[in-house]
There are 2 protein chains.
Amino acid sequence: MGEMVKVALDAMGGDNAPGEIVKGAVEAINEKDNIYVILLGKEDAVKAELAKYTYDESRIEIVHTEDVIEMAEAPVNAIRKKKDSSIVKGMTMTKEGKADAFVSAGSTGAVLVGGTVLVGRIKGVERAPLAPLIPTAAGASLLIDCGANVDARPSHLVQFAKMGSIYMESVMGIKNPRVALVSNGAEEEKGNALVKETHPLLKECPDINFIGNIEARDIPLGTADVIVCEAFVGNAILKTYEGVGSVLIKKIKDSLMSSFRTKIGALLIKPALKQTLQDFDVDRHGGAPLLGLNGLVVKTHGNAKAVVIKNCLFQCAAFKEQKINEKIQEKINPIGE
Amino acid sequence: MGEMVKVALDAMGGDNAPGEIVKGAVEAINEKDNIYVILLGKEDAVKAELAKYTYDESRIEIVHTEDVIEMAEAPVNAIRKKKDSSIVKGMTMTKEGKADAFVSAGSTGAVLVGGTVLVGRIKGVERAPLAPLIPTAAGASLLIDCGANVDARPSHLVQFAKMGSIYMESVMGIKNPRVALVSNGAEEEKGNALVKETHPLLKECPDINFIGNIEARDIPLGTADVIVCEAFVGNAILKTYEGVGSVLIKKIKDSLMSSFRTKIGALLIKPALKQTLQDFDVDRHGGAPLLGLNGLVVKTHGNAKAVVIKNCLFQCAAFKEQKINEKIQEKINPIGE
């Protein structure tokens, strides 16, 4: 058991708030005793949910927030105007050290903007990347960056490679994680201008295990642990991943329901198929970390259920235990300028 | 029946050459009587394959080529040095008007380089995009550009939108095809510098049906018919598509073979599942066209079987019948400068 991690949790974010969010918080503190949760949201609604459970009351507190940032709101405006919202308050608490981490299933845009504007970057970090885990045939890889700031420079990608390596090694337990740079061919001479400039810089990095360029086709095979790319490309890969996966699974499910014969077959294969699809789901690792900030920010998807929220809280505990930010600080800005 | 289309077919390209290539040629001319095929490759080997079939001998000719461009060769060098290869000779014949189209399952790099260097672009076309069809829940969409020339300019993307629209309307029979620009959010203000510059240009285009930005997540749903993007991003989307699809299908097949119970289930669902997976396969439309050249160039995948080659030849027939290049010429360079 490490020292206590204090997590500010957005009780108003996502489709299942506050019910599943509160449930996830209770499950997390009941399962691990080094987690302290600050639930941010409408006090009455949160209290009503908490009343359904038994738990150690000394490890959950409620901080009332009046405003709610909606999914459709323009992020910059929302962050500026809704000071008394769960997102702004949770991030401010993280900035001020009143919380170690902030977790939200709410507006991605607001979380991304708030991360940089409210929590702030670690000194020396040029850009804070959003780094979701994506499922592979071998487990999971970190796709860094899928954030809102596009058109990165080579120096940004080098920092992403370093931060991603630290995360995969310390939080996911992968020794000497393999780092690859997304390109349109594995050969060193392939790539766009950004990739061609970045490749030699990564090659020279002494503190990462750079294995070269990777074609997007090989990402799902699990050929690399840290997949480095500029955010526009990362977004395209991530969203294609999600889109193809869900369309294909839907088509297969439809075909299973197409006749009496297939329905019987479906009953027989259901448990095995369910297991397979679960393997191809990375929610068990929590949400997507926004790295390089003064505190951890975790963005999980809008339809997150209690179990995902619980896993996000465990992720925050591992992040603190493993002193990720100290390690990032050391790699990015070793003399602490 | 339209006028005869003359297709130069690379008999040496791909994993199944020359057997499946020759078989596909025979099947095509036996099925449609407006196709004439010039088989390029080692004469003895091609003859030996042809001897297996009965067909109208007045519609297949062999042009002997001595050199073979291997998959691993550097494309520019290969094109320059191997003048007597099926790819160089087929493309030269297309350039000279001795063939209307060239089809190859060989080296993608050599075909892409050869298209621009040997066949040449239509006057006014700034860049020749590679535009594969990708499967969607609704059928198929054209992903334009997935070629080797990255870091496009806005004017390139506008031409891609026009050429892609013509192709989808005339070859695929989609009336007023919906054109969308790949971005990291559907909102107009989203995007990288290239997308932000291109969006207003597409909006102003009178001759395309521009429906706005598209997130990669929505591509597999079939939300748009022509998906416009710069080649590096197109490559990432295409390869992610292929990679996720094949890993997921492999995982599902493995789970079906995991126990006696699932094996029985698998037998029952097999026909329906096979149909579903076939629907999610666009080989029935032929290969990826390289648009905007003086003649059609079609690149199909390395493991293409006879049926795919046959479909590529039908695609060439439709391309000629529909006078695609005349239409491109008219839209891109209306005064014929």
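What you see is a predicted model; the values in this text were computed from it and never measured. Position numbers for residues start from 1 in each chain and track the written sequence from start to end. Each chain is given a letter, starting from A, and each ligand a number, starting from 1, according to the order in which they appear as written. Reporting in this predicted model follows two pLDDT cut-offs: at least 70 for local features of residues, and 80 or more for side-chain atom pairs to be given and counted; totals over whole chains, interfaces and linings ignore these cut-offs and use all residues. No hydrogens and no water enter the side-chain calculation; it runs on all heavy atoms of the structure.

Let's talk about the overall build of chain A
Now for step 1: The way it works is that DSSP assigns letters per residue, a run of H or I at least four long becomes a helix, a run of E at least two long becomes a strand, and they are numbered from the N terminus. When you go through chain A residue by residue, the secondary structure sums to eleven helices and eleven strands.
Now for step 2: In this description the radius of gyration comes from C-alpha coordinates, and the expected globular size is given by 2.2 Å times residues to the power 0.38. What you see for chain A is a C-alpha radius of gyration of 20 Å, in line with the 20 Å of a compact globule of 337 residues.
Now for step 3: Categorising residues by exposure relies on relative accessible area from a 1.4 Å probe, with only protein chains included: less than 20% of the type maximum marks a residue as buried, more than 50% marks it as exposed, and the intermediate range marks it as partly exposed. Within chain A, the proportion of its 337 residues that are buried is 58%.
Now for step 4: Throughout, a residue-residue contact means that at least one pair of heavy atoms, one from each residue, lies within 4.5 Å. For chain A, the proportion of contacts with a sequence separation of at least 24, taken over those separated by at least 6, is 72%.
Now for step 5: Across chain A, the centroid of the 41 positively charged side chains sits 3 Å from that of the 43 negatively charged ones. In this charge count, Lys and Arg are treated as positive and Asp and Glu as negative; neither His nor the chain ends contribute. A charge is said to be at NZ when it belongs to Lys, at CZ for Arg, at CG for Asp and at CD for Glu.

Side note on a nonpolar patch on the surface
Residue and element names in this part refer to chain A.
Now for step 1: A surface patch of nonpolar side chains, about 340 Å² in accessible area, is lined by Phe260, Ile264 and Leu267.
Now for step 2: Checked against the element boundaries, Phe260 lands in helix 9 (residues 260-279).
Now for step 3: Looking at Phe260, the relative accessible area reads 67%, which means it is exposed. For patch detection, residues must exceed 30% relative accessible area and be free of salt bridges, and they are connected within 9 Å for like charges or within 5 Å for nonpolar side chains (Val, Leu, Ile, Met, Phe, Trp, Tyr). Each accessible area is a Shrake-Rupley estimate made with a 1.4 Å probe; only the visible protein chains count as cover when residues are assessed. Counted as salt bridges are all cases of a side-chain nitrogen of Lys or Arg within 4 Å of a carboxyl oxygen of Asp or Glu.

What to know about the relation of the copies chain A and chain B
Now for step 1: Mapping chain A onto chain B leaves a residual RMSD of 0.0 Å; the transformation is a rotation of 180 degrees accompanied by 0.0 Å of translation along its axis. Interpreted geometrically, this transformation is the action of a two-fold axis. Nearest to the rotation axis, the C-alpha of Gly265 of chain A is located 1.9 Å from it, this being the minimum over chain A.
Now for step 2: When the interface residues of chain A are mapped onto chain B, 100% of them are again interface residues, pointing to one common binding face. For the least-squares superposition of copies, only C-alpha atoms count, and only for residues with pLDDT at least 70 in both.

So, the interface of chain A and chain B
Now for step 1: On the side of chain B, 51 residues touch chain A, which itself brings 51 residues to the contact.
Now for step 2: By buried area we mean how much accessible surface two parts lose on assembly, using a 1.4 Å probe and totalling the loss over both. Summed over both sides, the interface between chain A and chain B buries roughly 4,500 Å², with carbon and sulfur atoms accounting for 74% of that surface.
Now for step 3: Taken together, the connections running from chain A to chain B amount to four salt bridges.
Now for step 4: With a shortest N-O distance of 2.5 Å, Glu215 of chain B and Lys239 of chain A are connected by a salt bridge.
Now for step 5: Under the rule applied, a polar contact is a pair of N or O atoms within 3.5 Å (in protein, one hydrogen donor and one hydrogen acceptor; residues adjacent in sequence only if both atoms are side-chain atoms). If you look at where chain A meets chain B, you find twelve residue pairs in polar contact (both at pLDDT 80 or more).
Now for step 6: Broken down by secondary-structure element, the contributors of at least two residues to the side of chain A that touches chain B are strand 7 (178-183), helix 7 (193-204), helix 8 (231-256) and helix 9 of chain A.
Now for step 7: Considering every element that reaches the side of chain A that touches chain B, the biggest residue donor is helix 8 of chain A, with 19 residues.
Now for step 8: Only Asp, Glu, Lys and Arg are considered charged in this grouping, and only Ala, Val, Leu, Ile, Met, Phe, Trp, Tyr, Cys and Pro are considered nonpolar; every other residue, Gly among them, is considered polar. Residues of the side of chain A that touches chain B, tallied by class, amount to 29 nonpolar, 14 polar and eight charged.

Examining the pairing of strand 11 (residues 296-299) of chain A
Residue and element names in this part refer to chain A.
Now for step 1: Alternating positions in strand 11 separate into two faces, Leu296 and Val298 on one and Val297 and Lys299 on the other, with burial throughout.
Now for step 2: Alignment of strand 4 (residues 101-104) against strand 11, held across four bridges, turns out to be parallel. In the strand pairing of strand 11, Ser104 is matched with Lys299.
Now for step 3: Between any two strands, pairing holds if DSSP finds at least two bridges. Hairpin remark: strand 10 (residues 288-290) followed by strand 11, antiparallel, with five residues in the connecting loop; positive phi at Gly292, about 85 degrees.

Notes on the nonpolar core
Now for step 1: Among the nonpolar cores identified, the biggest contains 167 residues, and Leu39 and Leu313 of chain A together with Leu39 of chain B are the most heavily contacted of them.
Now for step 2: Excluding its chain neighbours within four sequence positions, the residues that come into contact with Leu39 of chain B are Leu9, Ala11, Val22, Ala25, Val46, Leu50, Ile60, Glu61, Ile62 and Val63 of chain B. Residues belong to a common nonpolar core when they are buried Ala, Val, Leu, Ile, Met, Phe, Trp, Tyr or Cys residues joined through side-chain atoms within 4.5 Å.

Side note on the environment of Ala131 of chain B
All names here are of chain B.
Now for step 1: Mapping Ala131 onto the fold places it in the loop between helix 5 (108-119) and strand 5 (133-136).
Now for step 2: By relative accessible area, which is 0% here, Ala131 ends up buried.
Now for step 3: Sequence separation of Ala131 and Gly287 is 156 residues, and the distance between their C-alpha atoms is 9.1 Å.
Now for step 4: For Ala131, the residues in contact, after removing those within four places along its chain, are Leu142, Leu143, Ile144, Ala288, Pro289 and Leu291.

Observations concerning unusual backbone geometry
Outside of glycine, negative phi angles account for most residues, and trans bonds account for most peptide bonds.
All names here are of chain A.
Now for step 1: Note the cis peptide between Ala17 and Pro18, where omega equals -5 degrees.
Now for step 2: Within the secondary structure, Pro18 is located in the loop between strand 1 (5-10) and helix 1 (19-31).
Now for step 3: Although it is not a glycine, Asp151 adopts a positive phi angle of roughly 55 degrees.
Now for step 4: Secondary-structure assignment places Asp151 in the loop between strand 6 (139-144) and helix 6 (154-170).
Now for step 5: Look at Asp151 and you get partly exposed, because its relative accessible area is 39%.
Now for step 6: The backbone of Asn176 sits at a positive phi, close to 50 degrees, despite the residue not being glycine.
Now for step 7: With respect to the helices and strands, Asn176 occurs in the loop between helix 6 and strand 7.

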